[in-house]
Number of protein chains: 2
Amino acid sequence: MKTYTFHESQNLFKRAARVIPCGIYGHLSPAPLVPATAYPFYAVKARGSKFWDADENEFIDYMCAYGPMVLGYNHENVDAAAIRQIETANCVTAPTPLMVELAEYLVDLVPVADWAFFAKNGGDVTGYALMVAKAATDRKKILMIKGGYHGVAPWAQPPGSHGVLEDDSDNIIRITWNDFAEFERVIRENDGDIAGFIATPYHHPTFTDSEMPAEGYWQKIEKLCKEKGIVLIVDDVRCGFRLNMGGSNEYFGFKPDLICFSKAMANGYPISALVGTDSLKNDASKVFYTGSFWFSAAPMAAALATLEELKRIDGPTVMAEKGRKLMDGMVAIAKDYGYDLKVSGHPSMPYLRIANDESLMLHQDWCAECTKRGAYFTSHHNWFISTAHSDENIQRTWDIVHDAFQVIKKTYGA
Amino acid sequence: MKTYTFHESQNLFKRAARVIPCGIYGHLSPAPLVPATAYPFYAVKARGSKFWDADENEFIDYMCAYGPMVLGYNHENVDAAAIRQIETANCVTAPTPLMVELAEYLVDLVPVADWAFFAKNGGDVTGYALMVAKAATDRKKILMIKGGYHGVAPWAQPPGSHGVLEDDSDNIIRITWNDFAEFERVIRENDGDIAGFIATPYHHPTFTDSEMPAEGYWQKIEKLCKEKGIVLIVDDVRCGFRLNMGGSNEYFGFKPDLICFSKAMANGYPISALVGTDSLKNDASKVFYTGSFWFSAAPMAAALATLEELKRIDGPTVMAEKGRKLMDGMVAIAKDYGYDLKVSGHPSMPYLRIANDESLMLHQDWCAECTKRGAYFTSHHNWFISTAHSDENIQRTWDIVHDAFQVIKKTYGA
């Protein structure tokens, strides 16, 4: 099987390194996890489940823009709705009626939502949720899960990170996922001081397996939060509309007070939403929170089109089935080569790890071998499956996986 | 002169109030400064210097989406570039080569910029600037100006605001604009503790006149920051590319270490940038900072098209001339009616106040009377002039201003 080269990506990256810190920042910060010899650094075209890089290499994309792409790149209805809105009224002094329509749509779609608020980034609405919780309770402290990701604001980053002070976590208490006894103990020790608890619907950190909630975990948390007047916040930025159209809490059977949505909401157009219960609406309205582009109508048009399409085709079920099929096949192929491929998390957002690989290098090399054959796999972060991934894509991916394991087996043995 | 009615805006707002906190949040939070009887709450079409509301009323827009609109709504080249990019590759797993091109363009355009970093909101980059300053200096404290606006993050809001803790300002010191003696004293009192100073290039708060920097203010600050190793940050989110294409510091003759850009950068498409000097590049690259939509290419294509057009037509000079002409005429008209209209700030971002109005009500009523005749004026916030405001718009605005002063004079006398 032909492997790709990345000369143009590397040329562009050399230019980038001169004028951009890191060249490429964030998750894609190239070294050391994203080796330049195996990964495309720049996309020039995207369509459906695929993108093409600056060297004209074609990739089946299993990162889906790290989540926003859910219906396939350049989905016809979504783009048509967004472009029509750009041509009519997008970022104007006043919002358009679409803001009202989208809020009404979310209130209908999401059982716990009595209202909705729109911003741009996931981090905008996780930050807003914390402020609403503090305003509503007149308390200072926020509980979150160790290793949980809620954006890049200083409160959300581990103390000791660059540019982050110890003081930034003064009112943050980090606890262990799925340990209800610890949750209970921390609440007892901080009685009357906890404004809110924020967590993703299941635990999907980097570098370790995803963990589903233990039986009854969320239900016990919901109950204790209600008793203690603690605002329960679900950060559904990554999972939202992939597990359940009504919020991932519906998938796990519990009711939070606030839910943060963003990534999959508008198939790539920039928007995020905080939705909440009536009891918090007054406090939400008192917190001053706004941004220059937050009333922009094109992403709202895209969100309505995306959510309608996801609902129409039952997107979460489609993605789960595709993800399960892909993973079952890959696990079987790995086994043929003597590798134990561990899959965790929801099938639409699988986290993969080769169990017989203590160094992590084998896993990284295997992802790289797949990527340079056209199946874009990232190491140590969950992948994303879209509704646009076809059976043909899956078959092609299996072929690539075969080929990559052959190479890996030669290098590492098994 | 016919005055507008706003039935459909009010109907939509009633629906909104049920499903959105405040109905409309942020600056446009309708009560009490934006009376429903005089203001359009929803836009349905925008073109050039104008927008049309849900009741089909036409407005010459002097808020320009609160700054992002700089070349006129739906500027042909900008929209064409953005839409072409949407159709090719917008929000993809990898950035497009446009990220490199835009960074190179900004580094060429902005004298102090050796590098550029892109995000979505102005608040994203003011927050990042603070983290870079802390990382670079290994210090904790940030100086800012009392009444300065740098976004809605808790550190940026006055303590006592809803959802904001006193603790959120533990490492923020607020000083008086244009008082270099205070600046010096605070630095002396916190010797070795100040990581950075963030301020807008001139002081443009709400509810009070804009204040230009005093003679030598910025130059003395630049000098002292250099001496003390304090990172000098200009928040050019509102003024950027309206005063000078190279950053507003060029207009005032000084060199900061970091500049935050956003609003006018892409004529309404959502993007912000932090640019900085080489000495901070390494620290900028170590701070983990990213967002789901930050690599999106359509706003980068729009930014390149906007900046090129602004440069081609010398946008800052065009806006200043239009703003000066409009204001000179309005001041003269006000005088004819016995009112003293005070104009402050840069002519492209004028702040207006009727001096013989202690209650503020007369000013608010006058803005409302103008708005319901088709010149959209907001009270107590600076306005924005775009390059699309024509002589015909200005003449029409003067006619409206005449008519509104007649009504005001009847109500209040003079």
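1. Remarks on the overall build of chain A
- Helix and strand counts for chain A come out as 12 helices and 13 strands.
- By the compact-globule yardstick of 22 Å for 414 residues, chain A fits well, its C-alpha radius of gyration being 22 Å.
- Projected onto its principal axes, the C-alpha coordinates of chain A cover approximately 60 × 55 × 45 Å.
- Within chain A, counting contacts between residues at least 6 apart in sequence, those at least 24 apart form 74% of the total.
- Accessible surface, chain A: about 14000 Å² in total, of which carbon and sulfur atoms supply 48%.
- Of the side-chain charges in chain A, 40 are positive and 51 negative, and the distance between the mean point of each set is 2 Å.

2. A closer look at a negative patch on the surface
- Judged by side-chain charge, Glu-166 and Asp-170 of chain A together with Glu-166 and Asp-170 of chain B come together as a negatively charged surface patch.
- Counting through the fold element by element, Asp-170 of chain A comes out in the loop between strand E5 (141-145) and strand E6 (172-175).

3. What about the nonpolar core?
- Counting 320 residues, the largest nonpolar core has Phe-118, Phe-197 and Trp-366 of chain A together with Phe-118, Phe-197 and Trp-366 of chain B as the members making the most contacts within it.
- Setting aside residues up to four positions removed in sequence, Phe-118 of chain A forms contacts with Met-99, Leu-102, Ala-103, Leu-106, Met-265, Ile-271, Ser-272, Ala-273, Trp-294 and Met-300 of chain A together with Tyr-25 of chain B.

4. Focus: the pattern of salt bridges
All names here are of chain B.
- This model, assessed by the stated rule, comprises 30 salt bridges over all chains.
- Residue Lys-226 pairs with Glu-222 through a salt bridge whose shortest N-O separation is 3.4 Å. Placement of the pair is Lys-226 and Glu-222 together in helix H6 (residues 217-228), with a separation of four residues, close to one helical turn.
- Given the relative accessible area of 55%, Lys-226 is considered exposed.

5. Concerning the sheet that holds strand E3 (residues 58-61) of chain B
- Taken in spatial order, the four strands make up an open sheet running E1-E2-E3-E13 (chain B), and their pairing is mixed. Only two strands of the sheet have a single partner each, and these edge strands are strand E1 (43-47) and strand E13 (375-376) of chain B.

6. Points about the packing of helix H3 (residues 97-109) of chain A against helix H1 (residues 7-19) of chain B
- Following both chains from N to C, one finds H3 of chain A and H1 of chain B inclined at 35°, their axes separated by 9 Å at the closest point. When you trace H3 of chain A past H1 of chain B, the crossing you get is left-handed. Taken together, the residues of H1 of chain B that come into contact with H3 of chain A (itself represented by Pro-97, Val-100, Glu-101, Ala-103, Glu-104 and Val-107 of chain A) are Leu-12, Arg-15, Ala-16 and Val-19 of chain B.
- Taken together, the residues that form the contact of H3 of chain A with H1 of chain B break down as seven nonpolar, no polar and three charged.

7. A word on helix H9 (residues 297-312) of chain B
- The end-to-end C-alpha distance of H9 of chain B, which contains 16 residues, comes to 22 Å, matching closely the 22 Å that a straight helix rising 1.5 Å per residue would cover.
- The buried count for H9 of chain B comes to 13 of 16 residues, which makes it a mostly enclosed element.

8. Digging into unusual backbone geometry
All names here are of chain A.
- Phi at Glu-56 is positive, roughly 70°, even though this residue is not glycine.
- Along the chain, the position of Glu-56 falls in the loop between strand E2 (50-53) and strand E3 (58-61).
- Backbone geometry places Tyr-66, a non-glycine residue, at a positive phi of 60°.
- In this fold, Tyr-66 is placed in the loop between E3 and helix H2 (76-88).
- Overall, the relative accessible area of 5% leaves Tyr-66 in the buried class.

9. Description of the interface of chain A and chain B
- Every contact between the two is made by 96 residues of chain A and, on the other side, 96 residues of chain B.
- Across the chain A/chain B interface, buried area totals approximately 8300 Å², and carbon plus sulfur atoms make up 64% of it.
- At the junction of chain A and chain B, the tally comes to four salt bridges.
- Among the salt bridges present, the one from Arg-15 of chain A reaches Glu-104 of chain B, with a minimum N-O distance of 2.7 Å.
- The interface formed by chain A and chain B includes 40 residue pairs in polar contact (both at pLDDT 80 or more).
- Among the elements of the structure, helix H1 (7-19), strand E1 (43-47), H2, H3, strand E4 (115-119), helix H4 (122-137) and helix H8 (281-286) of chain A are those that each provide at least two residues to the side of chain A that touches chain B.
- In terms of residue count, the dominant contributor to the side of chain A that touches chain B is H3 of chain A (seven residues).
- For the side of chain A that touches chain B, the class distribution of residues is 58 nonpolar, 19 polar and 19 charged.

10. Observations regarding helix H2 (residues 76-88) of chain B
- In this model, H2 of chain B (13 residues) spans 18 Å end to end at C-alpha, consistent with the 18 Å of a helix rising 1.5 Å per residue.
- Of all the residues in H2 of chain B, the buried ones are Val-78, Asp-79, Ala-81, Ala-82, Ile-83, Gln-85 and Ile-86 of chain B.
- Against H2 of chain A together with helix H3 (97-109) and H9 of chain B lie the buried residues of H2 of chain B.

Reading the values: rules and limits
- Residues numbered from 1 in each chain as written.
- Chains lettered and ligands numbered in written order.
- Predicted model: local features only at pLDDT ≥ 70, side-chain atom pairs only at ≥ 80, totals over all residues.
- Heavy atoms only, no water.
- Helix = DSSP H or I, 4+ residues; strand = E, 2+ residues; numbered from the N terminus.
- Rg over C-alpha atoms; globule rule 2.2 N^0.38 Å.
- Contact = heavy atoms within 4.5 Å.
- Areas by Shrake-Rupley, 256 points an atom, 1.4 Å probe, with all protein chains shown as cover.
- Lys, Arg positive; Asp, Glu negative; His and termini not counted.
- Charge placed at Lys NZ, Arg CZ, Asp CG, Glu CD.
- Patch = residues over 30% accessible without salt bridge, like charges linked within 9 Å, V, L, I, M, F, W, Y side chains within 5 Å.
- Salt bridge = Lys/Arg side-chain N within 4 Å of Asp/Glu carboxyl O.
- Core = buried A, V, L, I, M, F, W, Y, C linked by side-chain atoms within 4.5 Å.
- Buried < 20%, exposed > 50% of the residue type's maximum accessible area, 1.4 Å probe, protein only.
- Pairing = 2+ DSSP bridges.
- Axes fitted to C-alpha atoms, helices over the stretch in contact; angles between N-to-C directions.
- Left-handed = near helix turned anticlockwise from the far one by under 90°.
- Nonpolar A, V, L, I, M, F, W, Y, C, P; charged D, E, K, R; others polar.
- Expected span 1.5 Å × (residues − 1).
- Buried area = accessible area lost by both parts, 1.4 Å probe.
- Polar contact = N/O pair within 3.5 Å; in protein donor to acceptor, adjacent residues only side chain to side chain.

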